Amino acid sequence: MSQAQTFETTTPARPAAHRWRLQVVHRTRFHYSGPVRSSYNEARLTPENSNRQTTLRSKVEIEPAATAYAYRDYWGSTVTAFDLHSPHAELVVTGTSIVEAGPDLGGHDRVGWSGLRAREVQTQFGELLSATSLTAMDDEVVAAARATVGEAHPHEAGPLICRFVRDHIDYLSGSTNVKTNAMQAWTKGQGVCQDISHVTVGLLRALGLPARYVSGYLHPTPAAEIGVPVTGESHAWVEWWDGGWNAFDPTNSVEIGTRHVTLGRGRDYGDVPPFKGLFSGPKSEGHTVTVEVTRLA
């Protein structure tokens, strides 16, 4: 197995009381019915560096060995791209990262609804104010969300919408798939973090708040023991702009903090899939994904 990419930073950490040090191992294993002749792939498995998060170390390993290169995509996510041209019946891609994460302790000046309607805001955030095929919501649902918000300031409207969605959609693993759109999940009343985030993003945008879908990981245990690995999974949450960016996890009704590791952002899941690719050869027999998260400090 060859290491395709390694990032190291020396950014000073924040006070330990506000941060957790987490190790995330995300492994995807693809199985084919026979030797695949060639494949072209992108992995978004490198956590970001930001005000609330420092990526101390990150690498993407590929088996069979492949030459990879990294670049930043349009939305700012780090992408590891690689292709294979030797026969292989299995492909394994493993992203391993050590990250210090915590709440965003910064602040910003907030704007009201009139400020959000200003031409410069509409121009700057046009892509994050428009519905996509995965986030579009019907008018009657938007009207109900608007009634829930009432006269609340945009800063208060964000959490109100997050809780409005969570009160309507029950989290149920396996109830949907990556192609399920927001209205399908809303009508079903069930979904996973991806669906809950898509609905939330769609309603925030419909009300006039620029909003983006965030891909990452969540340590499932609020009082996690240090050094104990646990089974996790990819996670999703939302951010909205009211003069600055605010983040919230609508699936768990919590603010983003020490347990959340951010990978990337976009309009919806389609902009930030952990892995995507295409291949030439026998049909796929499916794939398995495992995520292991360990609190180190």
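The following refers to the structure shown. (Residues numbered from 1 in each chain as written. Predicted model: local features only at pLDDT ≥ 70, side-chain atom pairs only at ≥ 80, totals over all residues. Heavy atoms only, no water.)

## Describing the overall build of the protein chain
Then, number 1: A count of helices and strands for the protein chain gives 6 helices and 17 strands.
Then, number 2: Since a compact globule built from 297 residues should have a radius of gyration of about 19 Å, the 20 Å found for the protein chain is in line with a globular shape.
Then, number 3: In the protein chain, which comprises 297 residues, the share counted as buried stands at 49%.
Then, number 4: Long-range contacts, defined as pairs at least 24 residues apart, comprise 79% of the intrachain contacts of the protein chain with a sequence gap of at least 6.
Then, number 5: Carbon and sulfur atoms form 49% of the exposed surface of the protein chain, whose accessible area is close to 13700 Å².
Then, number 6: Here the protein chain contributes 27 positively and 31 negatively charged side chains, and the mean placements of these two sets differ by 3 Å. (Helix = DSSP H or I, 4+ residues; strand = E, 2+ residues; numbered from the N terminus. Rg over C-alpha atoms; globule rule 2.2 N^0.38 Å. Buried < 20%, exposed > 50% of the residue type's maximum accessible area, 1.4 Å probe, protein only. Contact = heavy atoms within 4.5 Å. Areas by Shrake-Rupley, 256 points an atom, 1.4 Å probe, with all protein chains shown as cover. Lys, Arg positive; Asp, Glu negative; His and termini not counted. Charge placed at Lys NZ, Arg CZ, Asp CG, Glu CD.)

## Re the pattern of salt bridges
Then, number 1: Scanning all chains against the criterion turns up 10 salt bridges.
Then, number 2: Residue Glu48 pairs with Arg265 through a salt bridge whose shortest N-O separation is 2.7 Å. Of this pair, Glu48 sits in the loop between β3 (38-46) and β4 (53-63) while Arg265 is found in strand β15 (residues 260-266), placing the two residues 217 residues apart along the sequence.
Then, number 3: Residue Arg265 is classed as buried on the basis of its relative accessible area of 16%.
Then, number 4: Asp271 is the salt-bridge partner of Arg267, the closest N and O atoms lying 2.9 Å from each other.
Then, number 5: Given the relative accessible area of 29%, Arg267 is considered partly exposed.
Then, number 6: Through salt bridges that share partners, Glu48, Arg212, Glu239 and Arg265 make up one connected network. (Salt bridge = Lys/Arg side-chain N within 4 Å of Asp/Glu carboxyl O.)

## Structural notes on the sheet that holds strand β5 (residues 68-72)
Then, number 1: Taken in spatial order, the 4 strands line up as β5-β6-β3-β16 in an open sheet, and their pairing is antiparallel. Every interior strand has two partners, whereas the edge strands, β5 and β16 (275-280), have only one. On average, each strand axis in the sheet is inclined to that of its neighbour by 20 degrees, with strand direction left out of account.
Then, number 2: Sheet analysis places β5 next to strand β6 (residues 78-84), joined by 5 bridges and oriented antiparallel. Its bridge partner being in β6, Tyr69 is matched across the sheet by Ala81. (Pairing = 2+ DSSP bridges. Axes fitted to C-alpha atoms, helices over the stretch in contact; angles between N-to-C directions.)

## Here we look at the pairing of strand β10 (residues 211-218)
Then, number 1: Along β10, 8 of the 8 residues are buried, which leaves the element largely enclosed by surrounding structure.
Then, number 2: By the alternation rule, side chains of β10 split into Ala211, Tyr213, Ser215 and Tyr217 and Arg212, Val214, Gly216 and Leu218, which are all buried.
Then, number 3: Sheet topology note: the β10/strand β12 (residues 234-241) ladder contains 7 bridges and is antiparallel. Its bridge partner lying in β12, Ala211 is registered against Trp240.

## Quick word on the packing of aromatic side chains
Then, number 1: Summed over all chains, the structure comprises 8 aromatic pairs.
Then, number 2: Relative to Phe275, the ring of Phe82 has its centre 6.4 Å away and its plane inclined at 50 degrees; by these criteria the two rings are tilted. Here the residue Phe82 occupies a position in strand β6, and Phe275 occupies one in strand β16, the gap between them amounting to 193 residues. Considered together, Phe82 and Phe275 belong to a single accessibility category, that of buried residues.
Then, number 3: Joined through ring pairs, the aromatic side chains of Phe30, Phe82 and Phe275 make up one cluster.
Then, number 4: Its guanidinium or amino end placed over the ring of Trp245, Arg212 lies 3.6 Å from that ring's centre, counting from NZ or CZ. (Phe/Tyr/Trp six-rings, centres within 6.5 Å; stacked < 30°, edge-to-face > 60°. Lys NZ or Arg CZ within 6 Å of the ring centre and 35° of its normal.)

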